[in-house]
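What the coordinates show
In case you want the letters, here they are:
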Amino acid sequence: MNPDFLVCRNVRVLFGWKFFFLYFWIKFYNTFMITKEQVELFVAQAHRYGEARLMLCSSGNLSWRVGDKMLVSGTGSWLPVLPPEKVAVCDIISGQVENGVRPSMESVFHLGIFRNRPEVNVVLHFQSEYATVVACMKNKPLDFNVTLEVPYHVGEDAVLPYFRPGSPELAEAVIEAMQEHDVVLLSNHGQVVCGRDFDEVLERALFFEMACRIIVQSRMDYTVLSRKEVEDLRNSLGLARIP
């Protein structure tokens, strides 16, 4: 017999229904409770990304892992001015919405990334100016390692063909690409980055935008670090993965 059932039965018999419900509240409180402070922190980070000019209006979405739950910006919301009432709370395993707020239509790939990569706690989908120019190029760059910050902070990016925003095909492609990459360029759409925390994600997005700005402003006449130089850099800094 399930030990939890025996404990619950004994608690109910000894102390009555009030203590029975109190037992369950204490046991499972940390599993599903999202605090006001956590929502306020999430909103503040969304505004921070907006102030960094990583998106326009409703062109981005953000998610944050909190235990076994995901906070994600609501559908149609503007990250630069995201209000607390537009933050959705979802169960990461089931995907079920738990607070009645409809999540972003891209929440499927946010959930998939969290399920596949337990070390990732933040996912950002954005449309920064120069990176989106690159996403719309007919002949996209094959190598973004224009400065040492790119291989160090960004790593190798994946480039995906165009899929309709919110489609199952887009979600599947992003989830697959994000298993081996921290940055994905979505053709004629935008970018997705992930990381351990809000700072790492912002850093990654900004340095990728910087690389794209260099590429665009050079009119495609630029140089990149050689593979040997990237390998030397990563070895000297103790980094394992080499693009």
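Our subject in this report is the structure included herewith. Numbering of residues starts from 1 in every chain and runs along the sequence as written. Confidence filtering applies because this is a predicted model: local features only for residues at pLDDT of at least 70, side-chain atom pairs given and counted only at 80 or more, and all residues used for totals across whole chains, interfaces and linings. The basis for the side-chain values is all heavy atoms of the structure; hydrogens and waters are excluded.

1. Some remarks on the overall build of the protein
Numbering of helices and strands starts at the N terminus; helices are DSSP runs of H or I of at least 4 residues and strands are runs of E of at least 2. Across its full length, the protein holds 9 helices and 7 strands. Split into buried and exposed, the 243 residues of the protein put 46% on the buried side. The contact criterion used throughout is that any non-hydrogen atoms of two residues lie within 4.5 Å. In the protein, once contacts between residues fewer than 6 apart in sequence are set aside, the share between residues at least 24 apart is 64%. Accessible surface is estimated by sampling points in the Shrake-Rupley manner with a 1.4 Å probe; for residues, cover comes only from the protein chains shown. Per element, the accessible surface of the protein, about 13100 Å² overall, is 56% carbon and sulfur. Relative accessibility decides the category of a residue: with a 1.4 Å probe and only protein chains considered, values under 20% of the type maximum give buried, values over 50% give exposed, and everything between is partly exposed.

2. Some thoughts on the sheet that holds strand 5 (residues 157-160)
Pairing between the strands of a sheet is mediated by backbone hydrogen bonds and can be parallel or antiparallel. One bridge is not enough; two strands pair if DSSP finds at least two bridges between them. Across the sheet, which stays open at both edges, the 7 strands sit in the order 3-2-1-4-7-6-5 with mixed pairing between neighbours. What marks the edges here is a single partner per strand, and that holds for strand 3 (87-91) and strand 5. Direction aside, neighbouring strands of the sheet carry axes that sit 15° apart on average. Of the strand pairs in this sheet, strand 1 (residues 61-66) and strand 4 (residues 122-126) are connected by 4 bridges, and their pairing is antiparallel. Residue pairing for strand 4: serine 63 is matched across the bridge by valine 123. Together, strand 1, strand 2 (69-73), strand 3 and strand 4 form the strand contacts of helix 3 (residues 36-51), whose direction differs from that of strand 1 by roughly 145°. Axes here refer to lines fitted to C-alpha atoms; in helices the fit is confined to the stretch in contact. Angles between the N-to-C directions go from 0 to 180 degrees. Together, strand 1, strand 4, strand 5, strand 6 (183-186) and strand 7 (190-195) form the strand contacts of helix 8 (residues 198-217), whose direction differs from that of strand 7 by roughly 145°.

3. Comments concerning the packing of aromatic side chains
Here a pair means two rings of Phe, Tyr or Trp (six-membered ring of Trp) with centres within 6.5 Å. Their orientation is stacked below 30 degrees between planes, edge-to-face above 60, and tilted elsewhere. Under the counting rule described, the total for this entry stands at 2 aromatic pairs. Ring centres 5.2 Å apart and planes at 55° place the aromatic pair tryptophan 64 and phenylalanine 198 in the tilted group. In this pair, tryptophan 64 is assigned in strand 1 and phenylalanine 198 in helix 8, connecting sequence segments 134 residues apart. Arranged with centres 5.1 Å apart and planes meeting at 45°, the rings of phenylalanine 144 and phenylalanine 208 form a pair that is tilted. Within this pair, whereas phenylalanine 144 is found in the loop between helix 5 (129-135) and helix 6 (149-154), its partner phenylalanine 208 is found in helix 8, the two being separated by 64 residues in sequence. Each member of the pair, phenylalanine 144 as well as phenylalanine 208, carries the same accessibility label: buried.

4. Section: helix 4 (residues 107-116)
Here helix 4 lies mainly inside the structure; 7 of its 10 residues are buried. Turning to helix 4, its buried residues are Ser107, Phe109, His110, Leu111, Gly112, Ile113 and Phe114. Buried residues along helix 4 sit against strand 1, strand 2, strand 3, strand 4, helix 7 (168-177) and strand 7.

5. Observations regarding the environment of serine 73
Residue position: serine 73 is located in strand 2. Residue class for serine 73 comes out buried when judged on its relative accessible area of 0%. Along the backbone, serine 73 and valine 87 are 14 residues apart, and their C-alpha atoms lie at a distance of 4.8 Å. Setting aside residues no more than four positions away along its own chain, serine 73 makes contact with Phe42, Gly60, Asn61, Leu62, Leu79, Leu82, Lys86, Pro103 and Ser104.

6. Side note on the pairing of strand 5
Successive residues of a regular strand alternate their side chains across the two faces of the sheet. Bridge analysis of strand 5 against strand 6 gives 4 bridges, and the strand direction is parallel. From the neighbouring strand, aspartate 157 faces strand 6, where its bridge partner is valine 183. When the strands point away from the viewer and the connection leading from the first strand across the helix to the second strand turns clockwise, the crossover is called right-handed. Crossover handedness for the path strand 5 to helix 7 to strand 6: right-handed.

7. Side note on the nonpolar core
To form a nonpolar core, buried Ala, Val, Leu, Ile, Met, Phe, Trp, Tyr and Cys residues must be joined to one another through side-chain atoms within 4.5 Å. Grouped together as the largest cluster of nonpolar side chains are 39 residues, with contacts concentrated most on Tyr49, Leu62, Leu71 and Leu124. Put simply, the parts of the chain that give this core at least two residues each are helix 3, strand 1, strand 3, strand 4, helix 5, helix 6, strand 6 and helix 8. Of the residues forming this core, the biggest block, 8 residues, is contributed by helix 8.

8. Some details on the environment of methionine 178
As for its position among the elements, methionine 178 is in the loop between helix 7 and strand 6. Classification of methionine 178 as buried rests on a relative accessible area of 1%. The spatial distance from the C-alpha of methionine 178 to the C-alpha of aspartate 157 is 9.3 Å, given a sequence separation of 21 residues. When sequence neighbours within four positions are dropped, the list of residues in contact with methionine 178 reads Ile113, Arg117, Val183, Val184, Val192, Val193 and Cys194.

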